[in-house]
Amino acid sequence: MDSILAEIYSTVLPAAPYVIAAYALIWLVLLAYVAVVISNLKKTEREMAALREELQRQQKD
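Peer 1: Account for the overall build of the protein chain, naming residues and giving values.
Peer 2: Helix and strand counts for the protein chain stand at two helices and zero strands. Over its C-alpha trace the protein chain gives a radius of gyration of 26 Å, far above what one expects of a compact globule, namely 10 Å for 61 residues. When the backbone C-alpha atoms are referred to their principal axes, the protein chain occupies close to 85 × 15 × 10 Å. Considering the protein chain as a whole, with its 61 residues, one finds that 0% of them fall into the buried category.

Written out as structure tokens, the structure reads:
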């Protein structure tokens, strides 16, 4: 192996677990954020449907 490549690999490889952990953490946080947004969106859609029903009921009266 080339001595330059050996030096680069010896510098980069010890940091690999930290880089992998950072990417995994970012993905987990992103997935949690998306889950919260979807949950709030579903709640808002339910509330809007209830408001529409109430509005239609009041317009009929």
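Peer 1: Can you lay out a nonpolar patch on the surface for me, pointing to particular residues and giving the numbers?
Peer 2: Nonpolar side chains collect at one region of the surface, where Val19, Tyr23, Trp27, Leu30, Leu31, Tyr33, Val34, Val37 and Ile38 lie side by side and expose about 910 Å² of accessible area between them. By secondary structure assignment, the location of valine 19 is in helix α2 (residues 16-60). Classification of valine 19 by relative accessible area gives partly exposed; the value is 43%.

Peer 1: How would you summarise the pattern of salt bridges if you had to cite specific residues and measurements?
Peer 2: Tallied over the entire structure, the rule returns one salt bridge. Note that glutamate 54 and arginine 57 form a salt bridge whose closest N and O atoms lie 2.5 Å from each other. Of this pair, glutamate 54 and arginine 57 both sit in helix α2, separated by three residues, roughly a single helical turn.

Peer 1: Requested: an account of the environment of leucine 41, with residues and values cited.
Peer 2: Residue position: leucine 41 is located in helix α2. Linking leucine 41 and leucine 31, residues ten residues apart in sequence, is a C-alpha distance of 15 Å.

Peer 1: So what's going on with the environment of asparagine 40? Residues and values would help.
Peer 2: Note that asparagine 40 resides in helix α2. Overall, asparagine 40 belongs to the partly exposed group, its relative accessible area being 44%. C-alpha of asparagine 40 to C-alpha of leucine 13: the two residues are 27 residues apart in sequence and 41 Å apart in space.

Peer 1: Requested: an account of the environment of glutamine 59, with residues and values cited.
Peer 2: Relative to the helices and strands, glutamine 59 is located in helix α2. In the structure, glutamine 59 is positioned 15 residues away from threonine 44 in sequence and 22 Å away in space, judged by C-alpha atoms.

What counts, and at which threshold
- Residues numbered from 1 in each chain as written.
- Predicted model: local features only at pLDDT ≥ 70, side-chain atom pairs only at ≥ 80, totals over all residues.
- Heavy atoms only, no water.
- Helix = DSSP H or I, 4+ residues; strand = E, 2+ residues; numbered from the N terminus.
- Rg over C-alpha atoms; globule rule 2.2 N^0.38 Å.
- Buried < 20%, exposed > 50% of the residue type's maximum accessible area, 1.4 Å probe, protein only.
- Patch = residues over 30% accessible without salt bridge, like charges linked within 9 Å, V, L, I, M, F, W, Y side chains within 5 Å.
- Areas by Shrake-Rupley, 256 points an atom, 1.4 Å probe, with all protein chains shown as cover.
- Salt bridge = Lys/Arg side-chain N within 4 Å of Asp/Glu carboxyl O.

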